[in-house]
Amino acid sequence: MARRRKGRPVDGIFLLDKPQGVSSNGILQRVKRIYDAAKAGHTGALDPLATGMLPITFGEATKFSQFLLDANKRYITTAKLGIRTDTSDADGEVIATADVPKLELSELRKLLDQHFTGEIEQVPSMYSALKHQGQPLYKLARAGKTVEVKPRRVTVFQIDILDLRDDEVDFDIRCSKGTYIRSIVEDLGLLLSCGAHVKMLRRLDSGPYRAEQMLTIDQLESLAAPKADNESVESIQMRLDALLLAPWSAIEDAPVVQLDQLATERLLNGIAADVSAAPCELVRIENGTTGQFLGIGEVTDEGKLKSKRLLSTQTAPKSF
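Computed from a predicted structure; not experimentally measured. Counting restarts for each chain: residues are numbered from 1 in the order of the written sequence. With pLDDT at 70 or above as the cut-off, local features in this predicted model cover only qualifying residues; side-chain atom pairs require 80 or more to be listed or tallied, and sums for whole chains, interfaces and linings still use all residues. Heavy atoms throughout the structure, all of them, feed into the side-chain values; hydrogens and water do not.

1. A few points about the overall build of the protein chain
Thinking step 1. We count a stretch as a helix when DSSP gives it H or I for four or more residues in a row; a strand needs E for two or more, and each element gets its number in order from the N terminus. Counting secondary structure elements, the protein chain contains eight helices and 18 strands.
Thinking step 2. About 16900 Å² of surface is accessible on the protein chain, with carbon and sulfur atoms providing 48% of the total. The protein chains shown are the only cover counted for residues, whose accessible areas, like all others here, come from Shrake-Rupley with a 1.4 Å probe.

Here it is in structure tokens:
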């Protein structure tokens, strides 16, 4: 039996504009194949209905996925009033309908300020990707099973009304990690006594990344196509790699601590370095001589720099 190819080493982050109607894992596999990457992951699943920002991490960048999972997000969404579905979005089965009350913009704004702004408590949907005893809730829900889902505290920093129509409302929402937009929409429908579900959902921003940086899968596939009959694979790969952001761009706002060559070698061997930097739970570590990014660490109150996550010593410095 032929040995399966493992792919090439690729390090970096690709900002995908996820299309509607596909799973996050499914589109991840397409991007991974285009790059012929040995290792890839995504940083926060979007439902098949949802579109927009899905950062794809390759190689060393997968070590920084958690920082994007924990990052704040921005969404635009359309709430369809008067119809409840079992999944709280347009992909679900209708379970109830009701007349939609006539809404005034000021009344809706008041409800948002009272119930959906600041730190709020929400119960995630049974159709979320949260896990119960190792199983995603959505798989349990599709099997007809229900479990108790505990409320979670999240923060909605800002929620703006973009448009108000007879039975639809468009929102622009900036929120913390773990916020479920469909829970906001469903809870709003309950407050209005008519029910509601998510008709459209699009993620614009994730952490430091903005919507204008994204590329669609069609754009990526076009760039992966040979530009001439004799264009080499290496040439195509260089063009694709030029699209990637540095693995450490996920934490670009963290303070930087630079080490001399001796301290660098000691840190790579697991020995804490003495630094003059202020105490900080998250810093970017660089070799002050070469400028190479080494990883992330923590500066303790005693002025010790301890590594949290280092890049592989086999990874050559790259220009991004």
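2. Some points on the nonpolar core
Thinking step 1. Counting residues in hydrophobic clusters, the biggest one holds 29 residues, and the most contacted among them are Phe171, Ile173 and Ile181.
Thinking step 2. The set of elements that each furnish at least two residues to this core consists of strand S4 (73-81), helix H3 (105-115), strand S10 (152-164), strand S11 (168-175), helix H5 (181-191) and strand S12 (196-206).
Thinking step 3. Here, residues are in contact when the closest pair of their heavy atoms is within 4.5 Å. The contact partners of Phe171, leaving out residues within four places of it in the chain, are Tyr75, Ile76, Thr77, Ala79, Leu108, Leu112, Ile159, Asp160, Ile161, Leu162 and Leu188. The nonpolar core is taken to be a set of buried Ala, Val, Leu, Ile, Met, Phe, Trp, Tyr and Cys residues, with the residues joined through side-chain atoms within 4.5 Å. In this scheme, a residue with accessible area under 20% of its type's maximum is buried, one over 50% is exposed, and one in between is partly exposed, where area comes from a 1.4 Å probe on protein chains only.

3. Details of the sheet that holds strand S18 (residues 304-310)
Pairing between the strands of a sheet is mediated by backbone hydrogen bonds and can be parallel or antiparallel.
Thinking step 1. Between any two strands, at least two bridges found by DSSP are needed for them to pair. With mixed pairing, five strands are arranged side by side in an open sheet as S14-S16-S17-S18-S15. The two strands at the open ends of the sheet, each matched to only one other strand, are strand S14 (256-259) and strand S15 (273-274).
Thinking step 2. Here five bridges tie strand S17 (residues 293-299) to S18, and the two strands are oriented antiparallel to one another. Across the sheet, residue Gly295 finds its bridge partner in S18, namely Leu310.

4. Quick look at the packing of aromatic side chains
Thinking step 1. Planes of paired rings set the category: under 30 degrees apart is stacked, over 60 is edge-to-face and the rest tilted, where pairs are Phe, Tyr or Trp rings (Trp by its six-membered ring) whose centres lie within 6.5 Å. Throughout the structure, instances matching the rule amount to five aromatic pairs.
Thinking step 2. Taking 6.2 Å as the distance between ring centres and 55 degrees as the angle between the ring planes, the aromatic pair formed by Phe14 and Tyr35 counts as tilted. Of this pair, Phe14 sits in strand S1 (residues 12-18) while Tyr35 sits in helix H1 (residues 24-35); the two residues are 21 residues apart in sequence, bridging distant segments of the chain. Assigned by exposure class, Phe14 and Tyr35 land together as buried.
Thinking step 3. Geometrically, the ring pair formed by Phe64 and Phe67 is tilted, given 6.5 Å between the ring centres and 35 degrees between the ring planes.
Thinking step 4. Of the residues examined, Phe67 reaches a relative accessible area of 24% and is grouped as partly exposed.

5. Considerations on H3
Thinking step 1. For H3, every residue scored as buried is listed here: Leu108, Leu111 and Leu112. An end-on view of H3 places all buried positions within 95 degrees of arc, on one side of the element. In this structure, H3 carries Ser106, Lys110 and Gln114 as exposed residues pointing more than 90 degrees from its buried face. This arc is built from the directions going out from the helix axis to the C-beta atoms.

6. Observations regarding the pattern of salt bridges
Thinking step 1. Take a side-chain nitrogen of Lys or Arg and a carboxyl oxygen of Asp or Glu: if they are within 4 Å of each other, that pair is a salt bridge. Scanning the entire structure with this criterion turns up 23 salt bridges.
Thinking step 2. As a salt-bridge pair, Asp17 and Arg202 come within 2.8 Å of each other at their nearest N and O atoms. Residue Asp17 is located in strand S1, and its partner Arg202 is located in strand S12; the two are separated by 185 residues in the primary sequence.
Thinking step 3. The salt bridge involving Asp274 is made with Lys304; its shortest N-O contact spans 2.7 Å. Taken together, the residues span a long stretch of sequence, with Asp274 in strand S15 and Lys304 in strand S18 at a distance of 30 residues.

7. Things to note about helix H7 (residues 233-241)
Residue pairs three or four apart in sequence face the same way in an α-helix, which turns once every 3.6 residues.
Thinking step 1. All of the buried residues in H7 are Ile236, Gln237 and Leu240. All buried residues of H7 lie within an arc of 100 degrees about the axis, which places them on one face of the element. Turned more than 90 degrees from where H7 packs its buried face, Glu234 and Met238 sit exposed.
Thinking step 2. Where H7 is buried, its residues touch H1 and helix H6 (217-224).

8. With respect to unusual backbone geometry
Thinking step 1. Backbone geometry at Ser88 places phi at a positive 65 degrees, although glycine is not the residue there.
Thinking step 2. With respect to the element layout, Ser88 can be found in the loop between strand S5 (83-85) and strand S6 (94-97).
Thinking step 3. The phi dihedral of Ser193 falls on the positive side, at around 60 degrees, and the residue is not glycine.
Thinking step 4. Considering the arrangement of structural elements, one finds Ser193 in the loop between H5 and S12.

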